[in-house]
Amino acid sequence: MKSQALKTRIANIKKEEYFNFANLHCHSNISDGREDFDTLVEQALNKGLKHFSITDHNTVDGYKNSKYSNNPILINGVEFDCFYSTTLIHILGYGIDINNSEILSLCAKDKKDTKYDVVRLLHLRHPKKVIDAIHKAGGIAVFAHPCCSSVLSLDGLVKKLKSFGLDGIETNYPYARHRGIIKFHSRKKPYKLAQKFDLIQTGGTDEHGTLL
């Protein structure tokens, strides 16, 4: 999908449509989720979702082997572990060519780098390199769960990511489980930053289990 068309598609998803009709942040057992990739797609279809993305950590393998790879509700996705200055951040890539060589060069070389937090921390990527690769793969780059970023100035971080080419920011996000505890900024902040830096707004449950 062309990046501009995808931007328009996501920009047209209304806030109230998350999470009953749109969920752009989920994980399968290809990375650290529990459900099979195609099982998640089937659950999304059964729920009546119109926009759905599985964003496994540092891998696009699920899309390569899925029988639903051409289903219109599905948007190719990935979540890369990144590090900038002293901050761990996650960058989501949407609408990417899953066979793009630069994307594949950033992907995990073994299962441990998709599944285990400790191992993933050993292979952090620079966000500019990730954003550049996402764009070269025809996709858009989105800052995931920004309220969990341990920086004094979230404005400053987003401004820097924007200078790297960031397209969007995750605003519709539940901050459940540990992210509900380890949270450094108000949940209202990402909405303000989206307006300030002209970023598209995305959302998803960050589900690691079942959608049912």
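Above this text sits the structure in question.
This structure is a prediction, so every number in the text was calculated from the model and none was measured.

### Focus: the pattern of salt bridges
Under the criterion given, the structure shown has 6 salt bridges. Two residues, Glu-42 and Lys-67, come together in a salt bridge whose shortest N-O distance is 3.7 Å. Here Glu-42, found in helix 2 (residues 37–47), pairs with Lys-67, found in the loop between helix 3 (61–65) and strand 3 (77–84); they are 25 residues apart in sequence, far enough to count as distant. When its relative accessible area of 63% is taken as the criterion, Lys-67 is described as exposed. Across the pair Lys-128 and Asp-132 runs a salt bridge whose closest N-O atoms are separated by 2.9 Å. Pair noted here: Lys-128 and Asp-132 are both in helix 7 (residues 127–136), with a separation of 4 residues, about one helical turn. Overlapping salt bridges, with partners in common, bring together Asp-155, Lys-189 and Lys-196 in one network.

### Details of a nonpolar patch on the surface
The grouping of Phe-83, Leu-88 and Leu-121 at the surface amounts to a nonpolar patch, some 260 Å² of accessible area in total. Inspection of the secondary structure puts Phe-83 in strand 3.

### Describing the packing of aromatic side chains
Using the criterion set out here, one finds 3 aromatic pairs in the structure. Note on Tyr-18 and Phe-19: the rings are 6.3 Å apart at their centroids and 65° apart in plane angle, and the pair reads as edge-to-face. Accessibility expressed as a relative area gives 8% for Tyr-18, which makes it buried. Owing to a relative accessible area of 27%, Phe-19 belongs among the partly exposed residues under this scheme. Aromatic side chains Tyr-84 and Phe-164 sit 5.7 Å apart centroid to centroid with 80° between the ring planes, which places their arrangement in the edge-to-face category. With Tyr-84 in strand 3 and Phe-164 in the loop between helix 8 (154–163) and strand 6 (168–172), this pair connects stretches of sequence that are 80 residues apart. Residue class for Phe-164 comes out buried when judged on its relative accessible area of 13%.

### Digging into helix 2
Taken residue by residue, helix 2 has Phe-37, Asp-38, Leu-40, Val-41, Gln-43 and Ala-44 as its buried positions. Along its buried surface, helix 2 packs onto strand 2 (51–54) and helix 3. Residue Asp-36 occupies the N-cap position of helix 2, its side-chain oxygen lying 3.1 Å from the main-chain nitrogen of Asp-38. Taken from the residues just after helix 2, Gly-48 is the one with a positive phi, measuring 85°.

### Let's talk about the sheet that holds strand 7 (residues 200–203)
Strand order in this open sheet of 5 strands is 3-4-5-6-7, and the pairing throughout is mixed. The outermost strands of the open sheet, each flanked by one partner alone, are strand 3 and strand 7. Across the sheet, the axes of successive neighbouring strands diverge by a mean angle of 40°, strand direction being ignored. Set on the sheet, helix 1 (residues 3–11) makes contact with strand 4 (87–94), strand 5 (140–143) and strand 7; between it and strand 7 the angle comes to about 65°.

### Observations regarding unusual backbone geometry
Following Tyr-18, the chain continues to Phe-19 via a peptide bond in cis, the omega torsion being 15°. Among the secondary structure elements, Phe-19 is positioned in the loop between helix 1 and strand 1 (22–26). With a phi close to 55°, Ser-85 is a non-glycine residue in the positive phi region. Judged by its relative accessible area of 56%, Ser-85 falls in the exposed class.

Parameters and conventions
- Residues numbered from 1 in each chain as written.
- Predicted model: local features only at pLDDT ≥ 70, side-chain atom pairs only at ≥ 80, totals over all residues.
- Heavy atoms only, no water.
- Salt bridge = Lys/Arg side-chain N within 4 Å of Asp/Glu carboxyl O.
- Helix = DSSP H or I, 4+ residues; strand = E, 2+ residues; numbered from the N terminus.
- Buried < 20%, exposed > 50% of the residue type's maximum accessible area, 1.4 Å probe, protein only.
- Patch = residues over 30% accessible without salt bridge, like charges linked within 9 Å, V, L, I, M, F, W, Y side chains within 5 Å.
- Areas by Shrake-Rupley, 256 points an atom, 1.4 Å probe, with all protein chains shown as cover.
- Phe/Tyr/Trp six-rings, centres within 6.5 Å; stacked < 30°, edge-to-face > 60°.
- Contact = heavy atoms within 4.5 Å.
- Polar contact = N/O pair within 3.5 Å; in protein donor to acceptor, adjacent residues only side chain to side chain.
- Pairing = 2+ DSSP bridges.
- Axes fitted to C-alpha atoms, helices over the stretch in contact; angles between N-to-C directions.

These figures capture arrangement, not role.
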